[in-house]
Amino acid sequence: MNLTNRTHLNTDELQRRMRTAADGWPLGRLRVHVRYSRSADYSGTCYYKQGVIYVNLGRHLAYPYRLGTSVAPAKSNARHWWKPIYTLELADGYQVALFVFLHELYHWLVHRARRNPRQKESMCDRFAVRILVDRFGVCVRDERGRPARRQAWDIQNVEAFVAAARPPRPARAARAAVRPVAPAPIRDGQWLLFDLA
């Protein structure tokens, strides 16, 4: 992965966190550009064919920052459906950049796994949120601001969906176990299969 950082965040620390978060996933020659946004709090873009991810951060963000996600399943009644907004409490710009990076990385993994890229926003959010919760201890809150139960939002195996994006593992050469074989006992000039004595 090649990182270009044009923000106040420390480039080495940002790269370390991104690599840690993406551990186990192929980054190869992926190029990541972190820069300031024009006006939005944050945004991101993934260009599959070029292998480029853009992460845009607002200069004006104050921390801790509550970032809205679409990890919650849709709800409905007799007339319409809606998606509750679950929020992440992000401590600093590194965590906001990490969320955007992981969200866009999932788009890239979907493409590499040769999956249909349409309508994957919730899956991208779940991928990012799972890593932020598991590796960085970020808190997820429901639409009422209460800590959300894991079962309420972690409802898909997003890693399995893009498992084909991982490069094939080299086959291990099968090694025959070499064990010394004791010679069969001989009694009265005959080989014995079973020594009953």
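Right above here is the structure, for reference.
Described in the following lines is the structure provided in the data block. Small disclaimer: the values here were computed from a predicted structure and weren't measured.

The rules we used
- Think of each chain on its own: its residues are numbered from 1, step by step along the sequence as written.
- Where local features are concerned, this predicted model is filtered to residues with pLDDT of at least 70; where side-chain atom pairs are given and counted, the filter is 80 or more; whole-chain, interface and lining totals use all residues.
- To get the side-chain values, take all heavy atoms of the structure and skip hydrogens and water.
- For helices, the axis comes from a line fit to the C-alpha atoms of the stretch in contact; other axes are also lines fit to C-alpha atoms, and the angle between any two N-to-C directions lies between 0 and 180 degrees.
- Secondary structure counts use DSSP, requiring at least four H or I residues in a row for a helix and at least two E residues in a row for a strand, with both numbered from the N terminus.
- By definition in this entry, angles of less than 35 degrees are roughly parallel, angles greater than 145 are roughly antiparallel, angles of 65 to 115 are roughly perpendicular, and the rest are oblique.
- Residues count as neighbours in contact if any of their non-hydrogen atoms are within 4.5 Å of one another.
- We call Asp, Glu, Lys and Arg charged. Ala, Val, Leu, Ile, Met, Phe, Trp, Tyr, Cys and Pro are nonpolar, and the rest, Gly among them, are polar.
- Disulfide assignment relies on a single distance test, namely cysteine sulfur atoms paired within 2.5 Å.
- Remark: exposure states derive from per-residue accessible area (1.4 Å probe, protein chains only) relative to the maximum for the residue type, with buried under 20%, exposed over 50%, and partly exposed in between.
- We call a crossing left-handed when the near helix sits turned anticlockwise from the far one by less than a right angle, and right-handed when that turn is clockwise.

Packing of helix H1 (residues 11-21) against helix H3 (residues 121-136) brings their axes to within 10 Å, and their N-to-C directions diverge by 105°. By the criterion of interaxial angle, the relationship of H1 to H3 is roughly perpendicular. Between H1 and H3, the residues in contact are Arg17, Thr20 and Ala21 and Ile131, Arg135 and Phe136, respectively. Here the residues of the contact of H1 with H3 are counted per class, giving three nonpolar, one polar and two charged.

Moving on, we get to the state of the cysteines. Counted by the stated rule, this structure contains zero disulfides. Cys46 carries a free sulfur, and the closest cysteine sulfur to it, the one in Cys124, is 8.9 Å from it. Exposure remark for Cys124: the relative accessible area of 0% places this residue in the buried category.

Okay, the packing of helix H2 (residues 93-112) against H3 next. Closest axis-to-axis distance for the H2/H3 pair is 8 Å, and the angle between their directions is 130°. With respect to each other, H2 and H3 are oriented oblique. Judged by the sense of rotation from one axis to the other, the crossing of H2 with H3 is right-handed. Across from Gln95, Leu98, Phe99, Leu102, His103, Leu105, Tyr106, His107 and Leu109 in H2, the residues of H3 making contact are Glu121, Met123, Cys124, Asp125, Phe127, Ala128, Val129, Ile131, Leu132 and Phe136. Looking at the contact of H2 with H3 residue by residue, the classes come out as 14 nonpolar, three polar and two charged.

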